[in-house]
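Examination of the molecular architecture
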Amino acid sequence: MVGEVAAGLRPDAIGLREVLFQSITAMAPAAAVAASIPSGAAFAGGSLPLAVLIALVACLFTASCVAELARELPSAGSVATYAAQGLHPTVGFLVGWGYVFVEALIPPLLLLQLGFTTAGTLHQEWSSYPADLWWPWALAGAAIIAAAGYFGVRASARFGTVLGVFEVLVFLIFAVWLIGKAGGDNTLSVFGTSHTPAGHEGVSGVFAGSVYTVLAFAGFEAAAPLAEETRNPRRTMHRAVLGAALSIGLFYVVTTYAMTVYFGPDRFATFGASGDASWEGVARASFGFFWVLVFLAVVNSTIANANACANVSTRTAFALARIRVLPGLFASLHPRYRSPVAGIAVQTVVAVGAVLGLGFGYDPVTAFLLLATVIVTVVIGVYIVVNLACAGYFLRRGRQSLKPVRHLVLPVLGIVAFVPALLTAAGLPVFDFVSQLTAPVSYAGPVVGVWMAAGVVVLVVLLRRHPERISETARVHLDDPTPSGLPQNGAAQR
């Protein structure tokens, strides 16, 4: 028997270190530093460190809201439960429906990046290696992630911790090296607006750069779905979510500062994700064999991120299946490892199917951009809803629990910070720095629309036939008197 509906996810399996790195690796720090953050250089130029600092502050608003709700509502359902409790169970269902969809797409996104990054680098070093032979690396990554997930959250989370420590250390060491090499060129002027490029001068350029940089912070909430498998989850989840957002935000600031002062603030607008004016390009040109460590850190980051998000998708699917709004198959757990084996199997099939289908249907880079647009659009939408849910939840609890700044002001600021990022990710040219998406990347909007429309249909059917299931999206199973939060009437087995 592959799996059975066991008593529940394994409690007290992991601690703060593992869940902290669950969020850290979900943010993909090495890949973000090397690929995502440089996209803001075209707008902020040598003032990109200031743009990153602004993005950090903006993301901490939402991270604070997630952390507050994670402490109050420790649940594998995470954002779905928060929205259900703070707003309405129907909103919670739709948030969960969208969140499990995009989190299931993140592993294939990262596996595509693993494939084309590895193949491109090998081809650059040895021209005999075909540049288009990317798919074996993607499939190897899928196998590693599936194996880590199968052996349970302890194995998966510790694997992610090792990978996360490696990528962060490599880029921190490189950053210190760059700062030392910059010598007298070190300057705090990069935290001002004097180095923005022509056409994006001053505050407007920094703002545009920060909008693109905000996207590098996505994933700080990824610890929350592991709440039911974590020791002292109320305290641990709060510390992990805030700790990941703050520590990796500062990591982004330091590494971006280091490269800016080394490369030259006044020419940093030409810096990007590939070529001579990139992290790997600078490492190749100036630091000899060290570029290999940079390359390995980026590859490592793709695997770590895919592993973390596979944990998120399978736990969210488990939480929704447990209350029977998704097929009960997703609630099946391995009898020994308590891992959601059916969810892991489905996740692996989805990952391999998306990687091969989209990768060969278009090309791996185009497929990557399409999936990234789908994912970021939904994730930022989820963040906006969670900010609203934070305010709603604490307003409902009464004045004794309500802290106006933490529970009202910060949620509003979080929404304000993420609306421009949402418009940018969706390619809606409300601002002059937003580029309209072209096909096939522009298909992301219809894909999201179709999926959410399907969710509305499922919601209507469930409300008519089984309204109690929708109500249960607000349920915090750790608070149940029954073992492991299983439904009292044995509903999980039906």
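Residues numbered from 1 in each chain as written. Predicted model: local features only at pLDDT ≥ 70, side-chain atom pairs only at ≥ 80, totals over all residues. Heavy atoms only, no water.

1. Brief notes about a nonpolar patch on the surface
Operational definition: Residues enter patches when their relative accessible area tops 30% and they take part in no salt bridge; the joining distance is 9 Å for like charges and 5 Å for the nonpolar side chains Val, Leu, Ile, Met, Phe, Trp and Tyr. Throughout, the Shrake-Rupley method with a 1.4 Å probe supplies accessible areas, and for residues the shown protein chains are the sole cover considered. Salt bridges are counted wherever a side-chain nitrogen of Lys or Arg sits within 4 Å of a carboxyl oxygen of Asp or Glu. With a 1.4 Å probe rolled over the protein chains alone, any residue whose accessible area is under 20% of its type maximum counts as buried; one over 50% counts as exposed, and the rest are partly exposed.
Together, V165, L169 and I173 line one region of the surface with nonpolar side chains, adding up to about 250 Å² of accessible area. The class of V165 is partly exposed, set by a relative accessible area of 33%.

2. Focus on the environment of F159
Under the convention used in this document: Numbering of helices and strands runs from the N terminus; a helix is a DSSP stretch of H or I covering at least four residues, while a strand is a stretch of E covering at least two. For this analysis, residues touch if any pair of their heavy atoms sits within 4.5 Å.
Positionally, F159 belongs in helix α8 (residues 153-182). Of the residues examined, F159 reaches a relative accessible area of 26% and is grouped as partly exposed. Put simply, F159 and T193 are 34 residues apart on the chain and 41 Å apart in space, counted from C-alpha to C-alpha. With residues up to four places along the chain from it excluded, the contact list for F159 reads I144, A148, I303 and N307.

3. Quick look at the pattern of salt bridges
Here the structure, examined in full by the defined rule, presents 10 salt bridges. A salt bridge links E68 to R71; the nearest nitrogen and oxygen atoms lie 2.8 Å apart. With E68 and R71 both in helix α4 (residues 48-72) and three residues apart, this pair spans about one turn of that helix. For E68, a relative accessible area of 4% translates into the label buried. Close ionic contact of R284 with E280 constitutes a salt bridge, the shortest N to O distance being 3.1 Å. Of this pair, R284 and E280 are both found in helix α11 (residues 279-286), four residues apart, which corresponds to roughly one turn of the helix. What makes R284 partly exposed here is its relative accessible area of 24%. Connected through shared salt-bridge partners, R17, E18 and R158 make up one network.

4. A word on the confidence of the model for the protein
Operational definition: In predicted models, pLDDT denotes the confidence assigned by the predictor to each residue on a 0 to 100 scale.
With 95% of its residues at a pLDDT of 70 or more, the protein has an overall mean of 90. A low-confidence stretch, residues 1-6 stays under pLDDT 50, and its non-local contacts, those more than four residues away or across chains, total 17 contacts. Within the model, the stretch residues 482-494 combines pLDDT values under 50 with 23 contacts to residues more than four positions away or in other chains.

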